[in-house]
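# Coordinate inspection notes
One-letter residues, chain by chain:
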Amino acid sequence: MLFGYIRSRNSNENVERAGQLLGLKMDQWVDFGDSPIPSHVPKILSVKNLLTNYLDVTFLPTQFFFELCSNFVTDEMEREKIEEFATLEGQDELFSYVNRPRRHLLEVLEDFHSLRETFNLKYLFDIVPFIKPRGFSIASSQTCNDESLQICMAVVRYKTNLKKERVGLCSTWLASSPSGTAVALYTTAGSFKFPTDRPIVMVGPGTGCAPFRALIQERGDITGSKDAQELVIFFGCRHERHDYFFKDEWAAYTNLNVITAFSRDSPDKKVYVQHKLLEHSNYVWDLVDKKGAQFCVAGSSKNMPIQVKEALISIADNEGDMSLIAAQQYVESLIKRGRYNTETW
């Protein structure tokens, strides 16, 4: 399976906004000379190209950013605030100003007038980072189609206490790009190693199903063969009607068992994949312990991976008739032997 990295672009709105705030002309030329820059960035390019494709003009400023900016801000009141953000004692204030509301560089420049008046290209390269490639698990099998790659992506949009909606740089750019837009990307081998000689249990809520969709495309059987590899996926999303990716596609495979958790469809209780694991504890235990199944988890790195691991420990505890400590050791042994794998972000 593959993992892909996409180089996204800034929106036209933010490129124009950055140029105006920094007093830059789009047709100016930039020569990096011998300055260390990423290999994919041209040594000589226009300001418009630089702001569009390479500099992350909506990054969240850090303590180091404000430490550097304190050297050339001219307004005394602004200098005092910037210097506070640069101190260890001012980190709570910095968190409230930048991190909690997700206030990005352009909004900071709008707040600090004298800072943007002294900004120039020389400072820009030292202070503003380059856009980092965004990683995605490839959701299609190269065995089935070696002429295209597919990803499974959620468009990131959310509200904070700031008036303007927050958006993800890469997902918003991809979602708004017309068909035929050139996308710069490179691929590497994914972290999952899927065996062929035993069942595979997959836990992939939301876009976490992406690497498993590629596997299912490759090994899914539509003939009803008794020799086909047993595949089981625990898939979760908010609503079956709106978020159930690949529902019809997966229904065609006779060797695939799809167990679903729709967290917002039940009025009484939010149901997640870890609850479905516990609900099917005897089945999961038979797959993992009796049949030696590979157990794979992909998706958000927040709470889900921990809760899935705890669910499997509980299953080992109850179905394996062992103590809690023994169940924990059992799951840890699966991890050490490479039978329990995770790919989270």
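Worth saying up front: this structure is predicted, and the values here are computed from it rather than measured.

### Concerning the nonpolar core
Of all hydrophobic cores here, the largest spans 40 residues; its most connected members are Phe-65, Phe-66, Leu-115 and Phe-119. At the level of elements, helix 1 (12-22), helix 2 (47-53), helix 3 (63-69), helix 4 (76-85), helix 5 (91-99), helix 6 (105-111) and helix 8 (121-127) are the ones that each hand at least two residues to this core. Once residues lying within four places of it in the same chain are set aside, the contact partners of Phe-119 are Leu-22, Phe-65, Cys-69, Phe-72, Leu-124, Ile-127 and Val-128. Grouped together as the second largest cluster of nonpolar side chains are 27 residues, Leu-287, Val-308, Ala-311 and Tyr-330 included.

### Thoughts on the side chain of Glu-78
Residue placement: Glu-78 occurs in helix 4. For the buried Glu-78, no salt bridge exists, and the shortest N-O distance to an oppositely charged side chain is 7.4 Å, to Arg-116. A polar contact is formed between the side chain of Glu-78 and the backbone nitrogen of His-113, at a distance of 3.0 Å. Not counting chain neighbours up to four residues away, the residues in contact with Glu-78 comprise Val-73, Asp-111, Phe-112, His-113, Ser-114 and Leu-115.

### A few points about helix 5
Turning to helix 5, its buried residues number three or more, namely Leu-94, Tyr-97 and Val-98. Seen end-on, helix 5 carries its buried residues on one side only, within an arc spanning 80°. Looking at the packing, one finds that the buried side of helix 5 touches helix 3, helix 4 and helix 6.

### Considering the packing of helix 14 (residues 281-290) against helix 15 (residues 304-319)
Between helix 14 and helix 15, whose axes approach to 10 Å, the crossing angle comes to 90°. Considering the angle they form, helix 14 stands roughly perpendicular to helix 15. Counted together, Ser-281, Asn-282, Val-284 and Trp-285 of helix 14 and Leu-312, Ile-315, Ala-316 and Glu-319 of helix 15 form the full contact between these two elements. Counted by class, the contact of helix 14 with helix 15 contains five nonpolar, two polar and one charged residues.

So, how was this worked out
- Position numbers for residues start from 1 in each chain and track the written sequence from start to end.
- With pLDDT at 70 or above as the cut-off, local features in this predicted model cover only qualifying residues; side-chain atom pairs require 80 or more to be listed or tallied, and sums for whole chains, interfaces and linings still use all residues.
- Heavy atoms from the whole structure form the basis of all side-chain values; hydrogens and water molecules are not counted.
- Put simply, a nonpolar core is a bunch of buried Ala, Val, Leu, Ile, Met, Phe, Trp, Tyr and Cys residues held in one set by side-chain atoms that sit within 4.5 Å of each other.
- Each residue is placed in one exposure class: buried if its accessible area under a 1.4 Å probe, protein chains only, is under 20% of its type's maximum, exposed if it is over 50%, and partly exposed if it falls in between.
- A run of DSSP states H or I qualifies as a helix once it reaches four residues; a run of E qualifies as a strand once it reaches two. Both are numbered from the N-terminal end.
- Throughout, a contact is declared for two residues whenever any of their heavy atoms are within 4.5 Å.
- Neither His nor the chain ends is counted toward charge; the positive residues are Lys and Arg and the negative residues Asp and Glu.
- Salt bridge, as used here, is a side-chain nitrogen of Lys or Arg placed within 4 Å of a carboxyl oxygen of Asp or Glu.
- Definition of a polar contact: a pair of N or O atoms within 3.5 Å, with one able to donate and the other able to accept a hydrogen when the atoms are protein atoms, and with sequence-neighbouring residues admitted only if both atoms are side-chain atoms.
- By construction, the arc corresponds to the directions joining the helix axis to the C-beta atoms.
- Here an angle of 0 to 180 degrees is reported between the N-to-C directions of two axes, which are lines fitted to C-alpha atoms, with helices fitted over the stretch in contact.
- Under this scheme an angle from 65 to 115 degrees is roughly perpendicular, one under 35 degrees roughly parallel, and one over 145 degrees roughly antiparallel; angles in between are oblique.
- Each residue gets one label: Ala, Val, Leu, Ile, Met, Phe, Trp, Tyr, Cys and Pro are nonpolar, Asp, Glu, Lys and Arg are charged, and the others, such as Gly, are polar.

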